[in-house]
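Here's the letter readout for the chains.
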Amino acid sequence: MREYFRPQVQLGAQRPPDSLLICGGKFWFDQVEVITRLGSLGYRHVKEFPPQFFDEITRRRAALGNLNFKQPIIMGIVNLTPDSFSDGGDIKTLEDFSIKVNSLINAGAKIIDIGGESTRPGALEVSLVEEKKRVFEPLKWLSKIDHHAVVSLDTRKSEIAEMASSLNVKIINDVSAASFDENMLRVACKKNFYICLCHSVRTPETMSENPVYDNVLLDVYDKLERRVKRAQDAGVPKDHILIDPGIGFGKKNEHNLVLIKNISIFHNLGCPIVLGVSRKKFIKTNFTTDEDSDLDIGSIYYSLEGIRQGVQIVRVHNVSTMMKCLNGFKALWS
């Protein structure tokens, strides 16, 4: 039976000499939990394993454009949709868009993730024509200014991605892990995109209809592992692949919590990890609140837990508050 290895991520100056670094950064581990589909086999010390056994965990992640992963990176969300669950309809004009983007960058976002199709639970598919209409002019404007941010496009459609390749888009953030459109990986390879492969089940319209897993952590891991291999087989370099466990995408509350609690297991896939929890419904469930104002508190709380386990990118709406809390967290590193 296959064994999976979850590093017990630590932070602090008192690092044992036989410990290993997470992705070549400041976090380290000297113990791994050994997990099978029958349950946990307990913890083992890294010195019990052959040299290079944990190379995928320890390997420093290659820079993403002008960004390295020496520090956690904040991805700011810009929804150009009328029906997104948090901020749908907020941006109606190009001026609204420019104000939003500038505010996110000034607050500390290094990546701007722009989407023209809502992927909230229950959302219907948006036509190619409509999605292009929503994103083309904003991306065109953004491509002409010196903003010092990496532009990501949240789309499942290869034709939208191909159109964006001439507009300075660097990342395609595909919530279907490039399974919705069979041409997406070909376009990603041809246009030299970075691609974020996000785990989900079915489509946004149906993904919340009683999702069932044998073991949510290992099921998500196995599917992302297969999608990473599929991307590599299609010609996408490993250093151009990011992974996202897809919090809220076809997961119940307990599924989301298991994934966040154990997110360090995904370092084994050898790709930067993106964690997107911002303003999602499960936060209200666990914070036992009905107040929308509490969503940002929960977003930051769970994002920081991901960062504590070595997650490289957190995707959030409220960049300003996230940046302040991240700075406070980083002060503990010294």
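Right above here is the structure, for reference.
*Asks:* Summarise the overall build of the protein; cite the residues concerned and give the values.
*Replies:* Regarding its fold elements, the protein presents 10 helices and 13 strands. Relative to a compact globule of 334 residues, whose C-alpha radius of gyration would be 20 Å, the protein shows 19 Å and is just as compact. For the C-alpha atoms alone, the extent of the protein along its principal axes is close to 60 × 40 × 40 Å. In the protein, which comprises 334 residues, the share counted as buried stands at 54%. Taking as baseline every contact in the protein between residues at least 6 positions apart, the subset at least 24 positions apart corresponds to 67%. Entry remark: accessible area of the protein is about 14,800 Å², with carbon and sulfur atoms responsible for 50%. Mean positive and mean negative side-chain charge positions of the protein (44 and 41 charges, respectively) differ by 4 Å.

*Asks:* A description of helix α3 (residues 128–143) should follow, citing residues and the corresponding values.
*Replies:* With 16 residues, α3 extends 21 Å from end C-alpha to end C-alpha; this agrees with the ideal 22 Å at 1.5 Å per step. The sharpest bend along α3 comes to roughly 30 degrees, located at Val135, with the proline Pro138 sitting one to four residues further on. Restricting attention to buried positions, one finds in α3 the residues Glu131, Arg134, Val135, Pro138, Leu139 and Leu142. Buried-residue contacts for α3 involve α2 (94–107), β7 (111–115), β8 (150–154), α4 (158–164) and β9 (169–174).

*Asks:* An account of the sheet that holds strand β11 (residues 241–244) is needed here, citing residue identities and associated values.
*Replies:* The parallel open sheet is built from 8 strands, whose spatial order is β11-β10-β9-β8-β7-β6-β13-β12. At either margin of the open sheet sits one strand with a lone partner, and together these are β11 and β12 (274–275). Summarising the sheet, strand β6 (residues 73–79) and β7 pair through 5 bridges and their orientation is parallel. Paired with Val78 across the strands is Ile114, a residue of β7.

*Asks:* Now, about the environment of Ile313: what can you tell me, with residues and values included?
*Replies:* Tracing the chain through its elements places Ile313 in strand β13 (residues 313–316). For Ile313, a relative accessible area of 0% corresponds to the buried category. Distance in space between the C-alpha atoms of Ile313 and Ile99 is 23 Å, their sequence separation being 214 residues. Leaving out residues up to four positions away in the same chain, Ile313 has contacts with Phe69, Ile73, Met75, Ile111, Leu242, Ile273, Val274 and Leu275.

*Asks:* Hey, could you go over the side chain of Gln8 for me, with residue numbers and the actual values?
*Replies:* Within the secondary structure, Gln8 sits in the loop between β1 (4–7) and β2 (20–21). Relative accessible area serves as the criterion here: at 18%, Gln8 is assigned to the buried category. Setting aside its immediate chain neighbours within four residues, Gln8 contacts Trp28, Phe29, Gln31, Glu33 and Tyr43.

About the criteria used
Counting from 1, residues in each chain are numbered in the order their sequence is written. Since the coordinates come from a predicted model, pLDDT governs what is reported: local features require at least 70, and pairs of side-chain atoms require 80 or more to be given and counted, while whole-chain, interface and lining totals use all residues. Side-chain numbers come from the whole structure's heavy atoms, not from hydrogens or water. Put simply, DSSP marks the helices as runs of H or I at least four residues long and the strands as runs of E at least two long, and each gets a number from the N terminus on. As defined in this context, the radius of gyration uses C-alpha atoms, and a globule is described by 2.2 Å times the residue total to the power 0.38. Remark: exposure states derive from per-residue accessible area (1.4 Å probe, protein chains only) relative to the maximum for the residue type, with buried under 20%, exposed over 50%, and partly exposed in between. We call two residues in contact when some of their heavy atoms are within 4.5 Å. Note on areas: these come from Shrake-Rupley sampling with a 1.4 Å probe, and a residue is covered only by the protein chains present in the view. Charge convention: Lys and Arg are scored as positive, Asp and Glu as negative, and His as well as the terminal groups of each chain are ignored. By convention, the point assigned to a charge is CZ for Arg, NZ for Lys, CD for Glu and CG for Asp. Expected span, for any helix, means 1.5 Å times one less than how many residues it has. Bend is computed residue by residue as the angle between axes fitted to the seven residues ending at the residue and the seven residues starting at it. What makes two strands pair is DSSP finding at least two bridges between them.

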